Amino acid sequence: MGSDTYDLMDRQLVHALQLAPRAAFSRLAAVLGVSDQTVARRYGRLRGAGLVRVLGLSDPERLGEVRWQLRVRCAPDSAGAVAAALARREDTVWVSLNSGGTEIACTTRTPPDRSDHSLLLQHLPRTPSVLSVAAHCVLHTFFGGPQSLVAKSGALSAEQVAALTPDGPRPVETDCPATELDAADRRLLAALAVDGRAPLAELAAACGRSESTVRRRLEELAASGALYFDLDVDWRIFGLYTHTCLWLNVVPSELASAGAALAEHPEVAYASATTGPSNLHAVVITRTVRELYTYLTTRVAALRGVQHVETAPTIRIVKGPGPLLLPSPRDT
């Protein structure tokens, strides 16, 4: 599918799915002003081409988990193999090859019953080609998770957004206790992570519960914030081609304000405070390298308290926010 085949309707549908990920095609069609068949056909085309996936994901903070951001520096001829090994792990997301293919960035999740991330580090390939590994704990997320860059696209009008979110955004409770999950919950979340639009009957079969119980549990998990929906998107749909990681060193007194400002930037897909020498991390997506330069020399340059900025262009995303989907035997 070429870039010239993406149009406003594609972008509007993606935006609508971000706001109402499990909504029936008839509801999406009514808001977009097209037929049910048009929505179904467009969604099928985008999903079939691997351009959009609706994912039901668990929020690590609501589950009491700790996130770590790893930066693995490798010899160029081995980075791809190491990245692939990391992507196959269940506790990794957002595995990417950066800096011309010599550095891997990824995020890991540590369950509350494990005090550190050493198990992952022990399983990294122990070869001379892995030159260094740095791990930084995520302290606070300014933008990301249930918040998506799709919402900054402006593909839908304010009226269309309101129609798909009649109750407004769900307030975030920062002091609520961690959500407890049982085995059936985990099977339910595993199924949603593969397909966030999976029918209730399919989810019920996956977790061994009735459809009415699954419907109620979905509402409970979403209300607690333990479950949120996200899209794994090919940003070419929105004309965005340049994906860059930023690591900023910010004086502590300005860290909160700098992170909040980054969260409002239309170029920023993710921003968090971390431990380590660079205490503010962001992922920026722009149309061109020239736009990236303009962004760095204007918006980033205007942030107060920034002492140093490191940039690393992403050359390939090996794994996104959901589980790695391996090809079936008939696809190989």
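Located above this text is the structure these notes cover.
Residues numbered from 1 in each chain as written. Predicted model: local features only at pLDDT ≥ 70, side-chain atom pairs only at ≥ 80, totals over all residues. Heavy atoms only, no water.

With respect to the packing of helix H7 (residues 183-194) against helix H8 (residues 200-207)
It is at 8 Å that the axes of H7 and H8 come closest, and there the two elements cross at 135 degrees. Comparing their axes, H8 and H7 come out oblique. Between H7 and H8 lies a crossing whose hand is right-handed. Here H7 contributes Ala184, Arg187, Leu188, Ala191 and Leu192 to the contact with H8, which in turn contributes Leu203, Ala206 and Cys207. Along the lines of polarity and charge, the residues of the contact of H7 with H8 split into 7 nonpolar, no polar and 1 charged. (Axes fitted to C-alpha atoms, helices over the stretch in contact; angles between N-to-C directions. Helix = DSSP H or I, 4+ residues; strand = E, 2+ residues; numbered from the N terminus. Parallel < 35°, antiparallel > 145°, perpendicular 65-115°, else oblique. Left-handed = near helix turned anticlockwise from the far one by under 90°. Contact = heavy atoms within 4.5 Å. Nonpolar A, V, L, I, M, F, W, Y, C, P; charged D, E, K, R; others polar.)

Focus: the pattern of salt bridges
Within the structure shown, the criterion is met by 17 salt bridges. A salt bridge links Arg304 to Glu254, with the shortest nitrogen-to-oxygen separation between them at 3.5 Å. Of this pair, Arg304 sits in the loop between helix H11 (289-300) and strand E10 (306-319) while Glu254 sits in helix H10 (residues 252-264), and the two are 50 residues apart along the sequence. When salt bridges with common partners are traced through the structure, they connect Asp182, Asp185, Arg209, Arg217 and Glu220 into a single cluster. (Salt bridge = Lys/Arg side-chain N within 4 Å of Asp/Glu carboxyl O.)

What about the packing of aromatic side chains?
This structure, assessed with the given rule, holds 2 aromatic pairs. Between the aromatic rings of Phe25 and Tyr43, the centroid separation amounts to 5.6 Å while the plane-to-plane angle is 55 degrees, which identifies the pairing as tilted. One end of the pair, Phe25, is in helix H2 (residues 25-32); the other, Tyr43, is in helix H3 (residues 36-48), with 18 residues separating them in the sequence. Seen in terms of ring centroids, Trp235 and Phe238 are 5.8 Å apart; in terms of plane orientation they differ by 45 degrees. Their pairing is tilted. Phe238 carries the same exposure label as Trp235, and that label is buried. When the ring centre of Trp247 is taken as origin, the NZ or CZ atom of Arg71, which lies over that ring, is 3.6 Å away. We note Lys152 situated over the ring of Phe143; from NZ or CZ to the ring centre the distance is 3.9 Å. (Phe/Tyr/Trp six-rings, centres within 6.5 Å; stacked < 30°, edge-to-face > 60°. Buried < 20%, exposed > 50% of the residue type's maximum accessible area, 1.4 Å probe, protein only. Lys NZ or Arg CZ within 6 Å of the ring centre and 35° of its normal.)

Topic: unusual backbone geometry
Comment: phi is negative for the bulk of residues other than glycine, and the bulk of peptide bonds are trans. Positive phi, normally seen in glycine, also occurs at Trp94, with a value near 50 degrees. Examined against the element boundaries, Trp94 turns out to sit in strand E3 (residues 92-98). The partly exposed category is assigned to Trp94, whose relative accessible area is 39%. The phi dihedral of Ser99 falls on the positive side, at around 55 degrees, and the residue is not glycine. By secondary structure assignment, the location of Ser99 is in the loop between E3 and strand E4 (103-110).

Some details on the environment of Thr5
Mapped onto the secondary structure, Thr5 falls in the segment before helix H1 (8-19). With a relative accessible area of 34%, Thr5 lands in the partly exposed category. In this structure the C-alpha to C-alpha distance between Thr5 and Ile237, which are 232 residues apart in sequence, comes to 8.8 Å. Those residues in contact with Thr5 that sit more than four places away from it in its chain are Asp10 and Arg45.

Some thoughts on the pairing of strand E2 (residues 66-74)
Counting buried residues along E2, 7 of its 9 residues qualify, which places the element largely inside the surrounding structure. Note that E2 and E4 share 8 bridges and pair antiparallel. Looking across to E4, one finds that Gln69 is bridged to Thr107. Inspection of the sheet shows E2 paired to strand E5 (residues 130-143) by 7 bridges, in the antiparallel sense. (Pairing = 2+ DSSP bridges.)

So yeah, pure geometry; function would need other evidence.
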